[in-house]
Amino acid sequence: MDYRKKILAAFAAGGLAAALFAGCGGSAPAADAEGKTVMKTLVSATEPPLAWKDADGKIQGYEYDVLCEAGRRLRSYSLDIDAVPPETQDVMMESGEAKLAAGGYYRNPQRAANYIIPENPIGASALLVYVKQGEETKYRDLKEALAAGLRPCPFTSGHGAFRILSEWNEKNGRPLGEELPVQSGVTQAERIQAIGAGQYDMLIVPGNLNIEKLSREEGVPLAPLAAPVQVDPTVVLVNRQEPQFAEELNEALGAMRQDGTLSSLSEKWFGSDMMRLLDSAS
């Protein structure tokens, strides 16, 4: 018996083998103590309240909690969850090193071609228009705000919100200009400060980023206009070689929506039931 087997035998004798492998996060073997196949799973390390890793290395957030609960419901699989930067998520999913990822993803043709996207969503997101608190009743939607001359903060290209706004811009006669203004490497806090300094007038981002809380912390309180630009389900991405895993995960997510688990976790992390957005949009 080699050194590793001796360690595992000692844990098993003490009834601790399951605790060693069954938790969320941490490294894991090909199969856990119950014989379930372990699937490397990724969430973002930098996007609260969806998911992030704090200064102590602890992972937390809405999508992390959802995947932990989904993992407990899987019959044949367990999830080895880690938090990494979004660009690392992309690399690990493309290489096949990771089998499942969550990151506030929207469904789009490219992702559908590269991954299995379970039918049941992990959450919901509305693309909202934020303006200075007190001005949110002056304009009903993005079109009215642009017509009044409000200037949007530049966008991050390549994200789902950028795609949605590009499509919206084309459908509505390009009120955002021939090309959307783009700026990379800028945090949401910096964009909020730019609005406070008068450089821009509105911020157009998904509503699951806790912008209202962040803007209060930054001393520039923002509030959303009544009408969202668009409402979308947020989904997870599964390696195309894992159809059975995707099917079992889809069942777990569907049950979590039906029994109110997703709504409860949404209330915990966002202060409201984001799943109602999907009902109102359908």
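These remarks concern the structure in this document. (Residues numbered from 1 in each chain as written. Predicted model: local features only at pLDDT ≥ 70, side-chain atom pairs only at ≥ 80, totals over all residues. Heavy atoms only, no water.)

**Quick word on the nonpolar core**
The following threshold applies: Think of a nonpolar core as a cluster: buried Ala, Val, Leu, Ile, Met, Phe, Trp, Tyr and Cys residues, connected wherever their side-chain atoms sit within 4.5 Å. Classification of residues uses two cut-offs on accessible area relative to the type maximum, computed with a 1.4 Å probe and protein chains only: under 20% is buried, over 50% is exposed, and between them is partly exposed. Contact definition: two residues touch when any of their heavy atoms are within 4.5 Å.
Formed by 51 residues in total, the largest nonpolar core has its most connected members in Leu67 and Leu203. Discounting residues that sit within four places of it in the chain, Leu67 has contacts with Thr41, Val43, Leu79, Ile81, Leu100, Ala102, Ile122 and Val236. Residues Leu150, Phe162, Ile164 and Leu165 belong to the second largest nonpolar core, which totals 21 residues.

**Description of the environment of Leu225**
Spelled out, the test is: Only DSSP runs of H or I reaching four residues or more are called helices, and only runs of E reaching two or more are called strands; each is numbered from the N terminus.
By the element assignment, Leu225 lies in the loop between strand S9 (222-224) and strand S10 (230-238). Judged by relative accessible area, Leu225 falls into the buried class, the value being 2%. Once you skip the residues sitting within four places of it in the chain, Leu225 turns out to touch Val129, Val131, Glu136, Tyr139, Arg140, Asp141, Leu142 and Ala145.

**Notes on the pairing of strand S1 (residues 37-44)**
The condition is simple: Only when DSSP finds a minimum of two bridges between them are two strands counted as paired.
When you tally the buried positions in S1, you get 6 out of 8 residues, the bulk of the element. Here S1 pairs with strand S5 (residues 77-84) via 8 bridges, running parallel. Paired with Val43 across the strands is Ala83, a residue of S5. Pairing analysis gives 2 bridges linking S1 to strand S6 (residues 100-105), with the strands arranged parallel. Directly across from Thr41, in S6, lies its bridge partner Leu100.

**Describing the packing of helix H3 (residues 62-73) against helix H10 (residues 243-258)**
Rules: Fitted lines through C-alpha atoms serve as axes, helices being fitted only where they are in contact, and the angles separating the N-to-C directions of these axes extend from 0 to 180 degrees. Here the word oblique covers every angle except those under 35 degrees (roughly parallel), over 145 (roughly antiparallel) and from 65 to 115 (roughly perpendicular). Here a crossing is called left-handed whenever its near helix is offset anticlockwise from the far helix by less than a right angle, and right-handed whenever the offset is clockwise. Only Asp, Glu, Lys and Arg are considered charged in this grouping, and only Ala, Val, Leu, Ile, Met, Phe, Trp, Tyr, Cys and Pro are considered nonpolar; every other residue, Gly among them, is considered polar.
Running from N to C, H3 and H10 point in directions that differ by 115 degrees, and their axes come no closer than 9 Å. Overall, the two elements H3 and H10 adopt an arrangement that is roughly perpendicular. Here H3 and H10 pass one another in a crossing that is right-handed. Judged by residue contacts, Val66, Glu69, Ala70 and Arg73 of H3 engage Leu249, Ala252, Leu253, Ala255 and Met256 from H10. Residue classes in the contact of H3 with H10 are distributed as 7 nonpolar, no polar and 2 charged.

**Concerning the packing of aromatic side chains**
To keep it simple, the criterion reads: Any Phe, Tyr or Trp ring, taking Trp's six-membered ring, that has another such ring centre within 6.5 Å forms a pair; planes under 30 degrees apart are called stacked, those over 60 apart edge-to-face, and the others tilted.
Across all of its chains, the model carries 3 aromatic pairs by this definition. Between Tyr62 and Phe270, the aromatic rings sit 5.1 Å apart at their centres with planes inclined by 50 degrees, giving tilted as the arrangement. Pair noted here: Tyr62 is in helix H3 and Phe270 is in helix H11 (residues 261-270), with a separation of 208 residues, a long-range link. For Tyr62, a relative accessible area of 3% gives the class buried. Looking at Phe270, the relative accessible area reads 14%, which means it is buried. Here the aromatic rings of Tyr77 and Phe245 are separated by 5.0 Å at their centres, their planes lie at 55 degrees, and the arrangement is tilted. A residue pair is termed long-range when its members are at least 10 positions apart, and Tyr77 in strand S5 and Phe245 in helix H10 qualify at 168 residues. Both residues of the pair, Tyr77 and Phe245, belong to the buried class.

**Regarding the sheet that holds strand S4 (residues 59-60)**
Through backbone hydrogen bonds, the strands of a sheet pair up, either in parallel or in antiparallel fashion. An order of S2-S3-S4 is seen for the 3 strands of this open sheet, with the pairing classed as antiparallel. The sheet is open, and its two borders are formed by strand S2 (46-47) and S4, each paired with just one other strand. Bridging between S2 and strand S3 (residues 51-53) involves 2 bridges; their strand directions are antiparallel. Bridge pairing in S3 places Thr46 opposite Trp52.

**Thoughts on the pattern of salt bridges**
Counted only if it meets this: Salt bridge criterion: a side-chain nitrogen from Lys or Arg within 4 Å of a carboxyl oxygen from Asp or Glu.
In total, this model carries 16 salt bridges according to the counting rule given. Where Lys268 meets Asp65, a salt bridge forms, and the shortest distance between an N and an O atom there is 2.7 Å. Of this pair, Lys268 sits in helix H11 while Asp65 sits in helix H3; the two residues are 203 residues apart in sequence, bridging distant segments of the chain. What makes Asp65 buried here is its relative accessible area of 16%.

**Focus: the layout of surface pockets**
Which entries qualify depends on this criterion: Lining residues are those with an atom within 4 Å of a point, where the points come from a 1 Å grid over the protein atoms alone and group into cavities, where a 1.4 Å probe fits but cannot get out, or pockets, open sets with protein on both sides within 12 Å along at least five of seven lines. Grid points are joined across faces, edges and corners, and a volume is the space filled by probe spheres set on the points.
Taken as a whole, the second largest pocket holds about 270 Å³ of empty space. In terms of lining, the second largest pocket is formed by 14 residues, of which the most central are Gly207, Glu212, Phe270, Ser272 and Met274. Elements that contribute at least two residues to the lining of the second largest pocket include exactly strand S7 (123-132) and helix H9 (211-217). At 4 residues, the largest contribution of residues to the lining of the second largest pocket is made by H9. The residue inventory of the lining of the second largest pocket, partitioned by class, reads 8 nonpolar, 3 polar and 3 charged.

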